[in-house]
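Coordinates in review
Here is what each chain is made of, one letter per residue.
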Amino acid sequence: MSQVGFRLRIEARPDRAAEVEAALRDALELARAEQGTVTWFAYKEGPTVFGIFDTFDDEEGRAAHFDGKIADVLKEIGPRMFAAAPEVHRTDLLAVKLP
């Protein structure tokens with residue numbers, strides 16, 4: 001069962017919102033390739049506000065993801081496309097419903 005996660009809030013520059021959305025959609029394939037990532041969600045809250053929520057079975061999976069390819073992409077595009085640095089929150093899951 002997933003026990004830990006990350007929640008990110010990303011605010012795009014207004015003229016770069018479409019590019020941020022595309023980058024998050026493209027990152028799905030990177031998330032699928034990560035063995036330690038159990039679930040990965042990219043979502044949109046508003047015209048320029050996006051987020052990522054992902055879960056892991058253990059701290060090792062979370063650490064690998066934090067240092068992984070998606071993080072590299074966000075670090076690369078952030079200075080050009082984000083209005084501010086993403087807000088990163090480590091989460092401990094209390095209860096999980098799976099299909």
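First things first, this report covers the structure right here in the doc. (Residues numbered from 1 in each chain as written. Predicted model: local features only at pLDDT ≥ 70, side-chain atom pairs only at ≥ 80, totals over all residues. Heavy atoms only, no water.)

1. Re the overall build of the chain
- When its secondary structure is counted, the chain shows three helices and four strands.
- Along the chain direction, N to C, the helices and strands of the chain fall in the order β-α-β-β-α-α-β.
- A compact globule built from 99 residues would reach a C-alpha radius of gyration of about 13 Å, and the chain, at 13 Å, matches this within 12%.
- In terms of overall dimensions, the chain has C-alpha extents of about 40 × 25 × 20 Å along its principal axes.
- Burial status across the chain gives 38% buried among its 99 residues.
- Pairs at least 24 apart in sequence give 74% of the contacts found in the chain among residues at least 6 apart.
- Surface summary for the chain: the accessible area is close to 6200 Å², and the carbon and sulfur share equals 55%.
- Counting 13 positive and 18 negative side-chain charges, the chain places the averaged centre of each group 4 Å from the other. (Helix = DSSP H or I, 4+ residues; strand = E, 2+ residues; numbered from the N terminus. Rg over C-alpha atoms; globule rule 2.2 N^0.38 Å. Buried < 20%, exposed > 50% of the residue type's maximum accessible area, 1.4 Å probe, protein only. Contact = heavy atoms within 4.5 Å. Areas by Shrake-Rupley, 256 points an atom, 1.4 Å probe, with all protein chains shown as cover. Lys, Arg positive; Asp, Glu negative; His and termini not counted. Charge placed at Lys NZ, Arg CZ, Asp CG, Glu CD.)

2. Some details on the packing of aromatic side chains
- Taken as a whole and judged by the stated rule, the model has three aromatic pairs.
- Taken together, a centroid distance of 6.4 Å and an interplanar angle of 25° make the contact between F41 and F53 stacked. Taken together, the positions of F41 in strand β2 (residues 37-44) and F53 in strand β3 (residues 49-56) put the pair 12 residues apart, joining distant regions of the chain.
- It is R62 that lies over the ring of F6; its NZ or CZ is 5.7 Å from the centre. (Phe/Tyr/Trp six-rings, centres within 6.5 Å; stacked < 30°, edge-to-face > 60°. Lys NZ or Arg CZ within 6 Å of the ring centre and 35° of its normal.)

3. Describing the sheet that holds β2
- Reading across the sheet, the four strands line up as β2-β3-β1-β4 and stay open at both edges, with antiparallel pairing between neighbours. In this open sheet, the two strands that pair with only one neighbour each are β2 and β4 (87-92). In this sheet, adjacent strand axes meet at a mean angle of 15° when their direction is disregarded.
- Where β2 lies against β3, seven bridges are found, and the strand directions are antiparallel. Opposite Y43, over in β3, you have G51 as the bridge partner.
- Where helix α1 (residues 17-33) meets the sheet, it contacts β1 (4-11), β2 and β3, and its direction lies at approximately 165° from that of β2. (Pairing = 2+ DSSP bridges. Axes fitted to C-alpha atoms, helices over the stretch in contact; angles between N-to-C directions.)

4. Things to note about the pattern of salt bridges
- Applying the stated criterion to the full structure yields eight salt bridges.
- For E59, the salt bridge is made with R62, and the minimal N-O distance between the two is 2.6 Å. Placement of the pair is E59 and R62 together in helix α2 (residues 59-66), with a separation of three residues, close to one helical turn.
- Between E59 and R90 there is a salt bridge, and its shortest N-O distance comes to 2.8 Å. You can see E59 sitting in helix α2 and its partner R90 sitting in strand β4, a full 31 residues away along the chain. (Salt bridge = Lys/Arg side-chain N within 4 Å of Asp/Glu carboxyl O.)

5. Looking at the nonpolar core
- Membership of the largest hydrophobic core comes to 20 residues, with the highest contact counts inside it found for I10, V20, L24, F50, I52, L74 and F82.
- Mapped onto this core, the elements with two or more residues apiece are β1, α1, β3 and α3 (69-81).
- The dominant element in this core, judged by the number of residues it contributes, is α1, at six residues. (Core = buried A, V, L, I, M, F, W, Y, C linked by side-chain atoms within 4.5 Å.)

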